[in-house]
Amino acid sequence: MADLDYVAPASVAGAIEALAGGGAKVLAGGTDLLVQMRAGRVKPQRIVDLKRIPGLIGVRQENGGFVIGASTSGAELGEHAALIHAWPGVVEAVQLIGSTQVQGRASIGGNLCNASPAADSVPALVAARAICVVVGGQGRRELPVEAVVTAPGATVLAPDEFLLEIRLPPRAARASDAYLRQIPRTEMDIAVVGAGVSLTLDAAGVCSEAHVALGAVAPTVLLVEAAGAALIGTTLDDAALDALAQAAEAACRPISDKRGTAEYRTRIAGVLARRAAAIAYRRASERT
Amino acid sequence: MSKIHISATVNGDPVEFLTEAGVTLLDALRDELALTGSKEGCGSGDCGACSVILDGRLTCSCLILAAEAQGRRIETIEGMARGGELHPLQQKFLDHAALQCGFCTPGLLIAAKALLDANPDPTETETRYWLAGNLCRCTGYDKVIRAVMDAAAELRQVRAA
Ligand SMILES: Cc1cc2nc3c(=O)[nH]c(=O)nc-3n(C[C@H](O)[C@H](O)[C@H](O)COP(=O)(O)OP(=O)(O)OC[C@H]3O[C@@H](n4cnc5c(N)ncnc54)[C@H](O)[C@@H]3O)c2cc1C
Ligand code: FES
Ligand code: FES
């Protein structure tokens, strides 16, 4: 690790300047980056630690929605009662990442920017229609979560850009979400499939808006619009859930690996999407 | 290569040391501060042998850079016994024979302490999930869990008294 340099700027401007020279890597919780550096897979010349920038860690409520600092850890998100009330699926997805020790550091922004197809928080964020605020030398831009990752390990961020915060939109009275993943073990494993569902109900309990996202079944997380559309105008009866599962399966383009074959992943995607939708529906109905 | 000067608090005491950008907190604790209780089992966040509490949060010190420790508060296994008196968790590990080779033990003790600091009355299931990031190749975990549950009960009694 010769010629490696570490900086922890105290401002957004300082971080952009530190990234400007190229060859730099942003550090949040380090639970991906330090593992990759140790394995020799990434060899940055400089590490830019974002955690001392005000706002990078923490959650605030703004205009009825939530703003999550990119470097906020799973452990901190799991302690935020108002966030759990409004977005239980997003929080449960982040909290599935790793062990207690990993939760103490692993950030929501790092999970996204590491660009793994199996990143657990991403399907939940996509289903939530979350917006990413990115800053860099060219200024500030906003983009939907699903537009950030372009391929395994690759994002649209320029070398001098970083993710500042993730914005969750205001929540209707009867709305909720859920995330489920399938892993071969009971703890500490990588998703074979992940499914996030977010939906809104009208006063009669009929679904008026629904979004479904799938992880680990394609090179990037998929927003499956047809699966969400299958739920709208229904009370999630069996026919609607069958249509949702079929749309989810039809969207899958998985690989086969030691954790599961492509056929298995496709089948499980339908099953998990269906179960996550049922949980989100129950949560939305019970919400007060 | 320029050295980075770090001031931090370790087990309540102010410490200062020099480090380099790529050095982990685990290596700095062991090599610069001679606190060799925290172990490296994997170096990749999987085994928990390097567990420390950083600003009140349980973490893997193998996945933290020493340079990040500037101004931070760190608790390691060396701070667990008070003088010659073992922490109730340490005593219960001995009573229940919850260790064999002992390599995982400092990490398990620190992780269990973080659990009981946050939740004095955990269920067995909560305890097992909390400790899922601490691997032990010897004990089969059962004695570890019994020791933690027993220590939790004792600590609750002490607090109630
Ligand atoms: C034992 C173990 C178990 C794990 N289990 C899971 C699991 O179950 N599910 C799962 O999804 N993941 C898992 N992971 C992977 C990892 O913990 C997560 O992806 C985590 O959320 C990464 O966050 P971080 O803050 O540690 O990121 P870092 O390692 O700090 O960064 C990850 C990458 O994102 C970049 N980055 C970080 N923040 C920003 C930002 N704000 N702007 C731009 N780029 C940024 C970094 O440069 C780096 O390339 C596990 C890891 C370990 C070690
Ligand atoms: S050495 Fe840190 S988790 Fe194994
Ligand atoms: S006692 Fe040997 S690894 Fe746990």
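In this text the structure is predicted, and so the values were computed from the model without any measurement. (Residues numbered from 1 in each chain as written. Chains lettered and ligands numbered in written order. Predicted model: local features only at pLDDT ≥ 70, side-chain atom pairs only at ≥ 80, totals over all residues. Heavy atoms only, no water.)

Draft legend 1. Main features of the domain arrangement of chain B. Residue and element names in this part refer to chain B. Once the domains are mapped, chain B shows domain 1 (4-79) and domain 2 (88-160). Placing the centre of domain 1 and that of domain 2 at their C-alpha centroids yields a distance of 22 Å. Between domain 1 and domain 2, a total of about 1,100 Å² is buried, with carbon and sulfur atoms accounting for 69% of that surface. Area buried by domain 1 at its contact with domain 2 is led by I53, L58 and I77, which between them contribute 40% of it. Seen at the junction of domain 1 and domain 2, the total is 1 salt bridge. Here K113 and E75 are joined by a salt bridge, their closest N and O atoms 3.1 Å apart. The element contributing the most residues to the side of domain 1 that touches domain 2 is strand β3 (residues 51-54), with 3 residues. Taken together, the residues of the side of domain 1 that touches domain 2 break down into 6 nonpolar, 5 polar and 4 charged. (Domains from an automatic or database assignment. Buried area = accessible area lost by both parts, 1.4 Å probe. Salt bridge = Lys/Arg side-chain N within 4 Å of Asp/Glu carboxyl O. Helix = DSSP H or I, 4+ residues; strand = E, 2+ residues; numbered from the N terminus. Nonpolar A, V, L, I, M, F, W, Y, C, P; charged D, E, K, R; others polar.)

Draft legend 2. Structural context of the pattern of salt bridges. Scanning all chains against the criterion turns up 29 salt bridges over all chains. Residue R141(A) pairs with E161(A) through a salt bridge whose shortest N-O separation is 2.7 Å. A residue pair is termed long-range when its members are at least 10 positions apart, and R141(A) in strand β7 (residues 139-144) and E161(A) in the loop between β9 (154-155) and β10 (162-168) qualify at 20 residues. When its relative accessible area of 32% is taken as the criterion, R141(A) is described as partly exposed. The class of E161(A) is buried, set by a relative accessible area of 11%. D117(B) is the partner of K113(B) in a salt bridge, and the nearest nitrogen-oxygen pair spans 3.0 Å. With K113(B) and D117(B) both in helix α3 (residues 105-118) and 4 residues apart, the pair spans about one turn of that helix. Taken together, the shared-partner salt bridges in this structure form one network comprising R60(A), E62(A), R140(A), E165(A) and R167(A). (Buried < 20%, exposed > 50% of the residue type's maximum accessible area, 1.4 Å probe, protein only.)

Draft legend 3. Local environment of the sheet that holds β7(A). Residues and elements named next belong to chain A. Reading across the sheet, the 5 strands line up as β4-β5-β10-β6-β7 and stay open at both edges, with antiparallel pairing between neighbours. Every interior strand has two partners, whereas the edge strands, β4 (59-62) and β7, have only one. On average, adjacent strands in this sheet sit at an angle of 25° to one another, irrespective of strand direction. Each of β6 (131-136) and β10 is contacted by helix α1 (residues 12-20), which is oriented at about 135° to β10, the strand it contacts most. (Pairing = 2+ DSSP bridges. Axes fitted to C-alpha atoms, helices over the stretch in contact; angles between N-to-C directions. Contact = heavy atoms within 4.5 Å.)

Draft legend 4. Summary view of the packing of aromatic side chains. Summed over the entire model, instances satisfying the criterion amount to 0 aromatic pairs over all chains. Positioned above the aromatic ring of W87(A), the side-chain terminus of R171(A) is 3.7 Å from the ring centre. (Phe/Tyr/Trp six-rings, centres within 6.5 Å; stacked < 30°, edge-to-face > 60°. Lys NZ or Arg CZ within 6 Å of the ring centre and 35° of its normal.)

Draft legend 5. Quick look at the confidence of the model for chain B. When pLDDT is averaged along chain B, the result is 97; 99% of the residues meet or exceed 70. Complex prediction metrics read pTM 0.97 and ipTM 0.96. (pLDDT = per-residue confidence, 0-100.)

Draft legend 6. Fine view of a nonpolar patch on the surface. Where nonpolar side chains cluster on the molecular surface, the patch consists of L86(B), L94(B) and L99(B) and spans about 230 Å² of accessible area. By secondary structure assignment, the location of L86(B) is in the loop between β5 (73-75) and α2 (88-95). (Patch = residues over 30% accessible without salt bridge, like charges linked within 9 Å, V, L, I, M, F, W, Y side chains within 5 Å. Areas by Shrake-Rupley, 256 points an atom, 1.4 Å probe, with all protein chains shown as cover.)

Draft legend 7. Focus on the packing of α2(B) against helix α5 (residues 142-160) of chain B. Residue and element names in this part refer to chain B. Packing of α2 against α5 brings their axes to within 8 Å, and their N-to-C directions diverge by 135°. On the basis of the axis angle, α2 is oblique to α5. Helix-helix and strand crossings are classified by hand; for α2 and α5 the assignment is right-handed. Residue-level inspection shows P88, L89, K92 and F93 of α2 in contact with α5, the latter providing V144, A147, V148, D150, A151, E154 and L155. Partitioning the contact of α2 with α5 into residue classes produces 8 nonpolar, no polar and 3 charged. (Parallel < 35°, antiparallel > 145°, perpendicular 65-115°, else oblique. Left-handed = near helix turned anticlockwise from the far one by under 90°.)

Draft legend 8. Up close: the site of ligand 1. All names here are of chain A. Lining the immediate environment of ligand 1, one finds 35 residues, of which V26, T31, D32, L33 and S107 sit closest. Contact distances for ligand 1 include 2.7 Å between an oxygen atom and a backbone N or O atom of L33. Here an oxygen atom of ligand 1 and a side-chain polar atom of N111 are 2.9 Å apart. Protein coverage of the free-state accessible area of ligand 1, which is 990 Å², stands at 92%. (Near = heavy atom within 4 Å. Polar contact = N/O pair within 3.5 Å; in protein donor to acceptor, adjacent residues only side chain to side chain.)

Draft legend 9. Structural context of the nonpolar core. Residues and elements named next belong to chain A. Formed by 53 residues in total, the largest nonpolar core has its most connected members in F162 and L168. Counting residues per element, the ones that place at least two in this core are α1, β5 (65-69), α4 (81-86), α5 (88-95), α7 (108-113), α8 (121-127), β6 and β10. Beyond its immediate chain neighbours, meaning those up to four positions away, F162 contacts V12, A15, I16, L19, V26, L50, I53, V133, V134, V135 and L157. By size, the runner-up hydrophobic cluster in this structure holds 33 residues, among which are V193, V197, A248 and A280. (Core = buried A, V, L, I, M, F, W, Y, C linked by side-chain atoms within 4.5 Å.)

Draft legend 10. Fine view of the pairing of β7(A). Residues and elements named next belong to chain A. Across 6 bridges, β6 lies against β7 in antiparallel orientation. The residue bridging I131 from the neighbouring strand is P144, located in β7. In this antiparallel pair of consecutive strands, β6 and β7, the connection spans 2 residues.

Draft legend 11. Structural detail: the sheet that holds β3(B). All names here are of chain B. Spatial strand order, β2-β1-β5-β3-β4: 5 strands in an open sheet with mixed pairing. Only two strands of the sheet have a single neighbouring strand rather than two, namely β2 (13-19) and β4 (57-60). Averaged over all pairs of adjacent strands, the angle between their axes in this sheet comes to 40°, without regard to strand direction. Bridging between β3 and β5 involves 2 bridges; their strand directions are antiparallel. Directly across from L54, in β5, lies its bridge partner I74. Each of β2, β3 and β5 touches helix α1 (residues 25-32); the most contacted strand, β2, lies at about 105° to it.

Draft legend 12. Molecular detail of the interface of chain B and chain A. Facing the 30 residues of chain B at the interface are 29 residues of chain A. Summing both sides of the interface, chain B and chain A together bury roughly 2,300 Å²; the carbon and sulfur share of this comes to 58%. Sorting the residues of chain B by area buried against chain A places R57(B), L63(B) and E68(B) first, and these three jointly supply 27% of that buried surface. Between R57(B) and E79(A) there is a salt bridge; the shortest N-O distance is 2.9 Å. The interface formed by chain B and chain A includes 10 residue pairs in polar contact (both at pLDDT 80 or more). With 4 residues, β4(B) is the largest single contributor of residues to the side of chain B that touches chain A. Along the lines of polarity and charge, the residues of the side of chain B that touches chain A split into 15 nonpolar, 10 polar and 5 charged.

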